[in-house]
Amino acid sequence: SVEELLELGSIRSMLHPDDEGTIAATVEERRRDGGPIPERFLARVLRPDGTVVPVELWVKAEVRGDEIRTYTLIHEVGELWALREGLTRMALTDPLTQLPNRLAMEEHLRMAIARLERHPGQGGLLFLDVDGLKLVNDTVGHAAGDTVLRAFADRLSATLRPGDTAARLGGDEFVVLFPEIDPGDLDALVERVRR
């Protein structure tokens, strides 16, 4: 309702937190490198009842002295979004392990770096591989090797903290991104993953 919109006060407070972060990182990166700031975004809006609505945002900014006024057109895009989400999920997910793939990890890494540039701190990136996978593939077959990779991915995911990301780069190579980390915690996190 109009009343609910006025109470929220800004479009940003309506956005799904993941989308708000992605849009903020994109705008900040474009401002930093001097590129044009996009006027169109696909995002999700959270209704007051908690339901999620896929929308297209068209944003125009008007500068008057020190004041920046933003105009936003919100258009619901339900079926289009569902199709896009399905295609995006396929493009960013490793089909064997269901972990994010290399392309998705590059995006997670880009966002983590942008966040650390805005709010200085430290993060960690851990590269690992599955020892002996070639032997499994050569002696018992690739189906068994695939089972090992799926089990490894499940166990790896179970060791992560909320906000950490594990991805399969390809073959038996995996990576874990710790976007924010206390340097004193790194050894314990690495040991937990190793075990």
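As a reminder, the structure under discussion sits directly above these lines.
Residues numbered from 1 in each chain as written. Predicted model: local features only at pLDDT ≥ 70, side-chain atom pairs only at ≥ 80, totals over all residues. Heavy atoms only, no water.

## As for the pattern of salt bridges
In total, this model carries 11 salt bridges according to the counting rule given. The salt bridge involving Arg 161 is made with Asp 164; its shortest N-O contact spans 2.9 Å. Overlapping salt bridges, with partners in common, bring together Glu 191, Arg 194 and Arg 195 in one network. (Salt bridge = Lys/Arg side-chain N within 4 Å of Asp/Glu carboxyl O.)

## Quick notes on the sheet that holds strand E5 (residues 165-170)
Pairing in this open sheet of 3 strands is antiparallel, and the strands run E4-E6-E5 from one edge to the other. Each edge of the open sheet is held by one strand with a lone partner, namely strand E4 (124-129) and E5. For this sheet the average axis-to-axis angle between neighbouring strands, irrespective of direction, equals 20°. Two elements, E5 and strand E6 (residues 173-178), share 5 bridges in a ladder whose sense is antiparallel. By the bridge assignment, Thr 165 is partnered in E6 with Leu 177. Strands E4, E5 and E6 of the sheet are contacted by helix H6 (residues 142-158), whose axis makes an angle of about 10° with E6. (Pairing = 2+ DSSP bridges. Helix = DSSP H or I, 4+ residues; strand = E, 2+ residues; numbered from the N terminus. Axes fitted to C-alpha atoms, helices over the stretch in contact; angles between N-to-C directions. Contact = heavy atoms within 4.5 Å.)

## Some words on the nonpolar core
Among the nonpolar cores identified, the biggest contains 17 residues, and Leu 128, Leu 156, Phe 174, Val 176 and Phe 178 are the most heavily contacted of them. Discounting residues that sit within four places of it in the chain, Leu 128 has contacts with Phe 152, Leu 156, Asp 172, Glu 173, Phe 174, Val 176 and Val 193. One finds Ile 23, Ala 43, Val 45 and Val 55 within the second-largest nonpolar core, a separate group that totals 9 residues. (Core = buried A, V, L, I, M, F, W, Y, C linked by side-chain atoms within 4.5 Å. Buried < 20%, exposed > 50% of the residue type's maximum accessible area, 1.4 Å probe, protein only.)

## Observations regarding the environment of Asp 94
Looking at the secondary structure, you find Asp 94 in the loop between helix H3 (78-92) and helix H4 (102-118). Sequence separation of Asp 94 and Arg 168 is 74 residues, and the distance between their C-alpha atoms is 6.7 Å. Residues contacting Asp 94, with those up to four places away along its chain left out, are Leu 99, Pro 100, Asn 101 and Arg 168. Of note is the side chain of Asp 94, whose polar atom sits 3.1 Å from the side chain of Arg 168. (Polar contact = N/O pair within 3.5 Å; in protein donor to acceptor, adjacent residues only side chain to side chain.)

## A word on the packing of helix H5 (residues 133-140) against H6
For any two helices packed against each other, one specifies the crossing angle of their axes together with the interaxial distance. Where H5 meets H6, the axes come as close as 7 Å, and the angle between the chain directions of the two elements is 145°. Seen from H5, the contacting residues are Leu 133, Val 136, Asn 137 and Val 140; seen from H6, they are His 142, Ala 144, Gly 145, Val 148 and Leu 149. Taken together, the residues of the contact of H5 with H6 sort by class into 6 nonpolar, 3 polar and no charged. (Nonpolar A, V, L, I, M, F, W, Y, C, P; charged D, E, K, R; others polar.)

## Describing unusual backbone geometry
At Gln 98, a position not held by glycine, the phi torsion is positive, near 65°. Within the fold, Gln 98 resides in the loop between H3 and H4. Look at Gln 98 and you get exposed, because its relative accessible area is 56%.

## Digging into the pairing of E6
E6 sits mainly inside the fold: 5 of its 6 residues count as buried. Bridge count for E4 against E6 is 6 bridges, and the pairing is antiparallel. Across the sheet, Leu 126 pairs through a bridge with Val 176, a residue of E6. Hairpin connection of E5 to E6: 2 residues between the antiparallel strands, including Gly 171 at a positive phi of 55°.

## Re the sheet that holds strand E3 (residues 67-76)
On the basis of which strands lie adjacent, the open sheet formed by 3 strands has the order E1-E2-E3 and antiparallel pairing. Two strands bound the open sheet, and with one partner strand each, they are strand E1 (40-46) and E3. On average, each strand axis in the sheet is inclined to that of its neighbour by 40°, with strand direction left out of account. Two strands pair when backbone bridges link them, and E1 and strand E2 (residues 52-64) are joined in this way by 7 bridges, in the antiparallel orientation. For Val 45, the partnering residue across the bridge sits in E2 and is Val 53. Sheet strands in contact with helix H2 (residues 17-33) are E1 and E2, and its direction is about 150° off that of E1.

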